[in-house]
Structures are given as structure tokens and as C-alpha cells.
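Each chain, written out:
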Amino acid sequence: MLAYPIRAMGVEKDLLKAGTGPKPVAGQNVTVHCTGFGKNGDLTKKFWSTKDPGQKPFSFQIGKGNVIKGWDEGVLGMQVGEVARLRVMCIPSFLCARLIFLSTSFIDLQSSKCTPDYAYGPSGFPAWGIQPNADLVFEIQVLSVE
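Model, not experiment: these values are computed from the prediction. (Residues numbered from 1 in each chain as written. Predicted model: local features only at pLDDT ≥ 70, side-chain atom pairs only at ≥ 80, totals over all residues. Heavy atoms only, no water.)

Turning to the pattern of salt bridges, a few remarks are in order. Applying the stated rule across the entire model yields three salt bridges. Lys46 is the partner of Asp52 in a salt bridge, and the nearest nitrogen-oxygen pair spans 2.7 Å. A salt bridge links Arg85 to Glu139; the nearest nitrogen and oxygen atoms lie 3.3 Å apart. Within this pair, whereas Arg85 is found in strand E6 (residues 83-88), its partner Glu139 is found in strand E7 (residues 136-145), the two being separated by 54 residues in sequence. When its relative accessible area of 28% is taken as the criterion, Arg85 is described as partly exposed. With relative accessibility at 28%, the residue Glu139 sits in the partly exposed group. (Salt bridge = Lys/Arg side-chain N within 4 Å of Asp/Glu carboxyl O. Helix = DSSP H or I, 4+ residues; strand = E, 2+ residues; numbered from the N terminus. Buried < 20%, exposed > 50% of the residue type's maximum accessible area, 1.4 Å probe, protein only.)

Here it is as C-alpha cells:
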């Protein structure tokens, strides 16, 4: 396994398999296989997968806010054929402000934490068991870019 963490803009990426195709640019349509983990606050519990029976690959226009921010930023740096685990770890924004003043190591926290808008925010996504301000993990395979 090629897993090593790459931090970019509030999303931590573990590369599982290198891609060989092009990287998407903002505005392009990207098609992915995805499995999301974090149901009921447990990062080992799946809440959705395009690989489940009856599901199909998911397509979206990247970089336009059509998906959660963690996907827009995390998938933007991936190549066609790449498989990666994107980790979106969220802390409430009011706590971010307090950490800036209370901790000299906030820079380290900031590189692996983000505000809730990177995922489903303070509302969560109850239909899938995603709690408010939940940490989430997505295993994503980029299938195509158009």
C-alpha cells in the first residue's frame, strides 16, 4: 500500500494507489467511486457507497461548490485512476478562534482540522447517520474527468 498522508487545505489525503491520468481542473465533470465512513460518529462504519448494490459511480462538477468542500479540495488534487482516502476532521469554528489564542501549536491542529463547512456542518446529514460537525473519511477512486 502506498499510503502516506498529504495535507492540503484542511483535508488529509492518504494515497492508496497512484493514478496515471490527468488531474481535474475546476469546472470539469469528475466521475468517482466513493465510500463514506463516519456513521453515528464511528469512522469504521460506512454510511454510503457507490459500490453498494443498486448504486452507480457519482459525477459532479468540481470546484463549483456542488459537493462538500472537503471533496472539492481533496479530489481536485487527484489523478484519474488514483485511489485515496480523504479525511475531513472538523471542529466548530468558534473553537478554532479559541485555539488560535490558547495554543502555540495551532498551526499543527489547523493542518489536520477544518471548519464544519468542509463536510456537512452543524446540521449533519441525519438520513445517512452523519452527526453535526462530524469527522468523516471518504475512500475515493477517480474514474474519469471530462
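There is more to say after this.
As a further point, take the environment of Gly74. Structurally, the position occupied by Gly74 is in helix H1 (residues 69-76). Exposure remark for Gly74: the relative accessible area of 8% places this residue in the buried category. Taking C-alpha positions, Gly74 is 9.0 Å from Arg87, a pair spaced 13 residues apart along the chain.

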